[in-house]
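# Coordinate analysis (summary)
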Amino acid sequence: MQSRLPVSKPLALVIIGLIIGVSLGLGSGYAVFYPDMVNERSKTVEDRIGDIEGNITSLDQRILAVNDSIAVINENLEGILALTEVIDQINTRVAALENGQIGLNSDLNDLENDLINTGEYIGYLEYDIADLRDSWESVVDDFSDLETAYNSVNNELEDIQEMVRENDGVWLLTAYMANPSSNFEQKISNEVYTLLVAEEADFADWVALYGENTAKILLQQEVDAMMGRLIWNPTENVEVGEDSYQVKLEAYFTFEFSPAKVTVDIMHMEIKATVDIDAGTISGLTVNLLEII
């Protein structure tokens, strides 16, 4: 901080003294050469000295005021300097903001271009979506046709599956008849015996001669020998329960009983049974029909 000017009251008094001395010197000269003039101007000099003292006092007050102003200015200079630093920082930030604004404007321009390009791309995409929608509608129609065809095929497959399951019953009974149990062979043999006795006189005469037991024993041997050679065809296949079917099979064959020299050209036999497909069992097996054609 700048100090006040070195002006004080003693200095002012010295200056006044000098001025008075000069005045007195001048007055002495005037007293020697101009005695009257000195006396006349003595009062004027005193007045002037008084004025000078007043001026010096006023000047001292002004100097003091100036010193005070300078002190205030010095104090304010520190604030101004701090404010200058703040302004410099603000200028730096403003410059950075201006640079950032320039970069931001550039980015905004790029973004605007990207938006324009995106708008064009969206336009193309909308056309593609419209084409895709048309294609999809065509696909939906094709799918509907495919679904209809699938349902039709599925129904056919179900029908085929049902037929296969029915045929499974036929196949199980046919396989069984290729080698039936001895009990069922005996049933068939008894049915053949009854038919031959009723319709073949030569056989009836032979039975009368050799006996019923002998005829049945020999007849069962013939039936057992022919069972593996018979060809069975299904005549009925009816569902009678869940996975259960009533199956009928028939066979046409030539029957020859050599001990009695009896030959039947065409004999027709039909059997019936209930077949459980899941369990693979056969029940209710009977000779449904036996005749000579």
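For the structure given in this document, a descriptive report is provided here. (Residues numbered from 1 in each chain as written. Predicted model: local features only at pLDDT ≥ 70, side-chain atom pairs only at ≥ 80, totals over all residues. Heavy atoms only, no water.)

## Remarks on the pairing of strand 4 (residues 281-292)
Relative to strand 4, strand 3 (residues 262-276) runs antiparallel, the two being bridged by nine bridges. Across the sheet, Glu270 pairs through a bridge with Leu289, a residue of strand 4. Between strand 3 and strand 4, which pair antiparallel and follow one another directly, the connecting turn spans four residues, one of which, Gly280, has a positive phi of 70°. (Pairing = 2+ DSSP bridges. Helix = DSSP H or I, 4+ residues; strand = E, 2+ residues; numbered from the N terminus.)

## Considerations on the pattern of salt bridges
Close approach of charged atoms allows side chains with opposite charge to pair. This model, assessed by the stated rule, comprises two salt bridges. The closest approach of N and O atoms between Glu212 and Lys216, which form a salt bridge, is 2.8 Å. Of this pair, Glu212 and Lys216 both sit in helix 5 (residues 212-226), four residues apart, which is roughly one turn of the helix. Taking the relative accessible area as the measure of exposure, Glu212 reaches 41% and is therefore partly exposed. (Salt bridge = Lys/Arg side-chain N within 4 Å of Asp/Glu carboxyl O. Buried < 20%, exposed > 50% of the residue type's maximum accessible area, 1.4 Å probe, protein only.)

## Quick notes on the packing of aromatic side chains
Here a ring pair, both rings aromatic, is described through the centre-centre distance and the interplanar angle of the planes. Evaluated as defined, the whole model comprises four aromatic pairs. With centroids separated by 5.5 Å and ring planes inclined at 75°, the aromatic side chains of Phe203 and Phe257 adopt a geometry described as edge-to-face. Of this pair, Phe203 sits in helix 4 (residues 201-210) while Phe257 sits in strand 2 (residues 244-257); the two residues are 54 residues apart in sequence, bridging distant segments of the chain. Accessibility classification places Phe203 together with Phe257 in one group, the buried group. Among the aromatic residues, those joined into a cluster by ring pairs are Tyr193, Phe203, Trp206, Tyr210 and Phe257. Directly above the aromatic system of Tyr193 lies the positively charged group of Lys216, at a separation of 5.1 Å from the ring centroid. (Phe/Tyr/Trp six-rings, centres within 6.5 Å; stacked < 30°, edge-to-face > 60°. Lys NZ or Arg CZ within 6 Å of the ring centre and 35° of its normal.)

## Topic: the packing of helix 3 (residues 182-199) against helix 4
Close contact between helix 3 and helix 4 brings their axes to 6 Å; oriented N to C, the two are set at 110°. Between helix 3 and helix 4, the interaxial angle falls into the category roughly perpendicular. In contact with Tyr193, Leu196, Val197 and Glu199 of helix 3, helix 4 contributes Ala201, Phe203, Ala204 and Val207. Grouping the amino acids of the contact of helix 3 with helix 4 by side-chain chemistry returns seven nonpolar, no polar and one charged. (Axes fitted to C-alpha atoms, helices over the stretch in contact; angles between N-to-C directions. Parallel < 35°, antiparallel > 145°, perpendicular 65-115°, else oblique. Contact = heavy atoms within 4.5 Å. Nonpolar A, V, L, I, M, F, W, Y, C, P; charged D, E, K, R; others polar.)

## Digging into the side chain of Glu185
Considering the arrangement of structural elements, one finds Glu185 in helix 3. Buried and unpaired, Glu185 has Arg229 as its nearest opposite-charge partner, separated by 11 Å. Residues contacting Glu185, with those up to four places away along its chain left out, are Pro180, Val223, Asp224 and Met227. (Lys, Arg positive; Asp, Glu negative; His and termini not counted.)

## Points about the sheet that holds strand 4
Within the open sheet, the four strands sit side by side as 1-2-3-4. Their pairing is antiparallel. Among the strands making up the open sheet, the edge pair consists of strand 1 (233-241) and strand 4. Averaged over all neighbouring strand pairs, the angle between strand axes comes to 20°, with direction disregarded. Each of strand 2, strand 3 and strand 4 touches helix 3; the most contacted strand, strand 4, lies at about 15° to it.

## Here's the deal with the nonpolar core
Membership of the largest hydrophobic core comes to 38 residues, with the highest contact counts inside it found for Leu173, Met177, Ile188, Phe203, Trp232, Phe255 and Met267. Contributions of two or more residues to this core are made by helix 2 (35-178), helix 3, helix 4, helix 5, strand 2, strand 3 and strand 4. Not counting residues up to four positions away in its chain, the partners in contact with Leu173 are Val247, Leu249, Ile271, Ala273, Val275, Ile282 and Leu285. (Core = buried A, V, L, I, M, F, W, Y, C linked by side-chain atoms within 4.5 Å.)

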